[in-house]
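Residue strings, one per chain:
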Amino acid sequence: QTLRKGWTILSKKADTQAARMGVISPFKSLMIPTIFGPMNFDKMNGSWPNLSHPMHQFYMAAYGQIPHDNFPNPISETVEELVDFEAIANSDLDVFVNAINGRTGKHVVFGHDALDSSAIAASANLRYMMPPVVIDGDEYYDGGYVYNPYFLPLTEHSDGITDVLAIMVNPTDQEEVFVSPGRNEQMLNAQVFSSGAYENLRRLSDRRPDIHVHRIQKHVPEEFGASSKFNLDMEFLELLHDRGYEIADQWLAENKHKLGQQSSFDIEDFTDAEYSLGR
């Protein structure tokens, strides 16, 4: 219920942000009237197939004109409204989020008393899409640019944990290759953003071989281009919600019996290089 409330709030905030930024916004659809009727120019559905697309370039050019100082971070505001951080800090629950320090390039793990709405916003901050997140004088941005998620805290805070389930929102295995420049960019983006996660999952497995490793991922239809990650239309969020349940149910039907018993994903085989040496 809290997650649904949060996504609903963000969807409504995206409307406000789109209005403040003008018609070009990375967070909402663009319904353009044409002689053939309204056409959806939403980035995520392929109308902005790659970073060289004129619509994307137009937005990037306008980004520097956005008054960030007077532009509240929608994620920080939403999380502040929904989450009781004092209760988390006083509980036995360990919660960690990851971000990159923009000045040092260092990966930073926020937890315990340092975990607040700013840390959450930092961990989800895409530098050219949102206002900067500043903590103690330094700007932070999404840990996915280097490592995300960062599994190693589990090596120190994992008493009683038997399994780790990685839900990959950037699937690396796709059913086709080299179909179009936009699709190729989408797949490359997924592989780059997932590489740190797999590396950290391998390090976790090496340090704690007693923890079973699992992975959920699903082929992404071509119509959901890389830009669909910025689509906060409620109808699209509902579609992702329903599809997520379908994928999770399928995974449970195939792998539930392995939980607590064995890994269903061979992280060593996945991360080991394949050698092609000829004769």
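Our subject is the structure listed above.
Below is a summary of the structure that appears in this document. (Residues numbered from 1 in each chain as written. Predicted model: local features only at pLDDT ≥ 70, side-chain atom pairs only at ≥ 80, totals over all residues. Heavy atoms only, no water.)

### A word on the overall build of the protein chain
The condition that has to hold: Helix and strand labels come from DSSP, where a helix needs a run of H or I of at least four residues and a strand needs a run of E of at least two; each type is numbered from the N terminus. For the exposure calls, accessible area comes from a 1.4 Å probe over protein chains only, and a residue counts as buried if that area is under 20% of its type's maximum, exposed if over 50%, partly exposed in between. Contacts: residue pairs with any heavy atoms within 4.5 Å of one another.
When you go through the protein chain residue by residue, the secondary structure sums to nine helices and eight strands. Every one of the 279 residues in the protein chain was classed for burial, and the buried ones make up 41%. By sequence separation, contacts in the protein chain at least 24 residues apart represent 68% of the contacts at least 6 residues apart.

### Points about the packing of aromatic side chains
Formally: Classification of ring pairs rests on two measures: the distance between centres of Phe, Tyr or Trp rings, Trp counted by its six-membered ring, which must be within 6.5 Å, and the angle between planes, read as stacked under 30 degrees, edge-to-face over 60 and tilted in between.
Here the structure, examined in full by the defined rule, presents four aromatic pairs. Arranged with centres 4.3 Å apart and planes meeting at 40°, the rings of tyrosine 198 and phenylalanine 270 form a pair that is tilted. On the criterion of sequence distance, the pair formed by tyrosine 198 in helix α7 (residues 181-207) and phenylalanine 270 in helix α9 (residues 267-271) is long-range, its members being 72 residues apart. Ring plane angle 55° and centroid distance 5.5 Å describe the contact between phenylalanine 265 and phenylalanine 270, whose orientation is recorded as tilted. What makes phenylalanine 265 buried here is its relative accessible area of 12%. A residue is classified by how much of its surface remains accessible, and phenylalanine 270, at 30% relative accessible area, is partly exposed. Cluster of aromatic residues (ring-pair linked, three or more members): Tyr198, Phe265 and Phe270.

### Here we look at the environment of arginine 243
In this structure, arginine 243 sits in helix α8 (residues 234-255). It is 9.8 Å that separates the C-alpha atoms of arginine 243 and lysine 218, two residues lying 25 residues apart in sequence.

### Description of the pairing of strand β3 (residues 96-101)
Applicable threshold: Strands are labelled as partners when DSSP assigns at least two bridges between them.
Among the six residues that make up β3, five are buried, leaving the element largely enclosed by the rest of the structure. Of the strand pairs in this sheet, β3 and strand β4 (residues 107-111) are connected by five bridges, and their pairing is antiparallel. Directly across from valine 97, in β4, lies its bridge partner phenylalanine 110. Counted along the chain from β3 to the antiparallel partner β4, the turn is five residues long, and its residue glycine 105 has a positive phi close to 75°. Where β3 lies against strand β6 (residues 138-142), three bridges are found, and the strand directions are antiparallel.

### Focus: the side chain of arginine 202
Turning to its location among the elements, arginine 202 is positioned in helix α7. In this structure arginine 202 comes out as buried when scored by relative accessible area, which is 19%. Non-local contacts of arginine 202, meaning those with residues more than four positions away in its chain, are made with Ile267, Glu268, Thr271 and Asp272.

### Let's talk about the sheet that holds strand β5 (residues 133-135)
Convention followed: Every axis in this analysis is a line fitted to C-alpha atoms, fitted for helices over the stretch in contact. Angles between the N-to-C directions lie between 0 and 180 degrees.
Strand order in the open sheet formed by four strands is β4-β3-β6-β5, with antiparallel pairing between adjacent strands. With partners counted over all chains shown, the strands left at the sheet margins are β4 and β5, one partner each. Between one strand axis and the next, the sheet turns by 50° as a mean value, whatever way the strands run. Pairing geometry for β5 and β6, over three bridges, is antiparallel. Directly across from isoleucine 135, in β6, lies its bridge partner aspartate 138.

### Some details on a nonpolar patch on the surface
For the record, the criterion: A patch consists of residues exposed above 30% relative accessible area that lack any salt bridge, with like charges linked at up to 9 Å and nonpolar side chains (Val, Leu, Ile, Met, Phe, Trp, Tyr) linked at up to 5 Å. Using a 1.4 Å probe, accessible areas were evaluated by the Shrake-Rupley method; residue-level cover was limited to the displayed protein chains. Basic side-chain nitrogens of Lys or Arg form a salt bridge, by our definition, when they fall within 4 Å of a carboxyl oxygen of Asp or Glu.
A contiguous nonpolar surface patch, about 320 Å² in accessible area, is contributed by Leu165, Ile167 and Val169. With respect to the secondary-structure elements, isoleucine 167 resides in strand β7 (residues 163-167).

### A look at the layout of surface pockets
Spelled out, the test is: Using a grid of 1 Å spacing that covers the protein atoms alone, one calls a set of points a cavity when a 1.4 Å probe fits there but cannot get out, and a pocket when the set is open and has protein on both sides within 12 Å along at least five of seven lines; lining residues are those with an atom within 4 Å of a point. Grid points are joined across faces, edges and corners, and a volume is the space filled by probe spheres set on the points. Throughout this entry, Asp, Glu, Lys and Arg are counted as charged residues, while Ala, Val, Leu, Ile, Met, Phe, Trp, Tyr, Cys and Pro are counted as nonpolar. The remaining residues, Gly among them, count as polar.
One number sums up the size of the second largest pocket: a volume of about 210 Å³. In this structure, the second largest pocket is lined by Arg215, Ile216, Gln217, Lys218, Ile247, Gln250, Trp251, Glu254, Asn255, Ser264 and Phe265. Of all the secondary-structure elements, those providing two or more residues to the lining of the second largest pocket are β8 (212-216) and α8. For the lining of the second largest pocket, the element with the most residues is α8, which contributes five residues. Class assignment for the residues of the lining of the second largest pocket results in four nonpolar, four polar and three charged.

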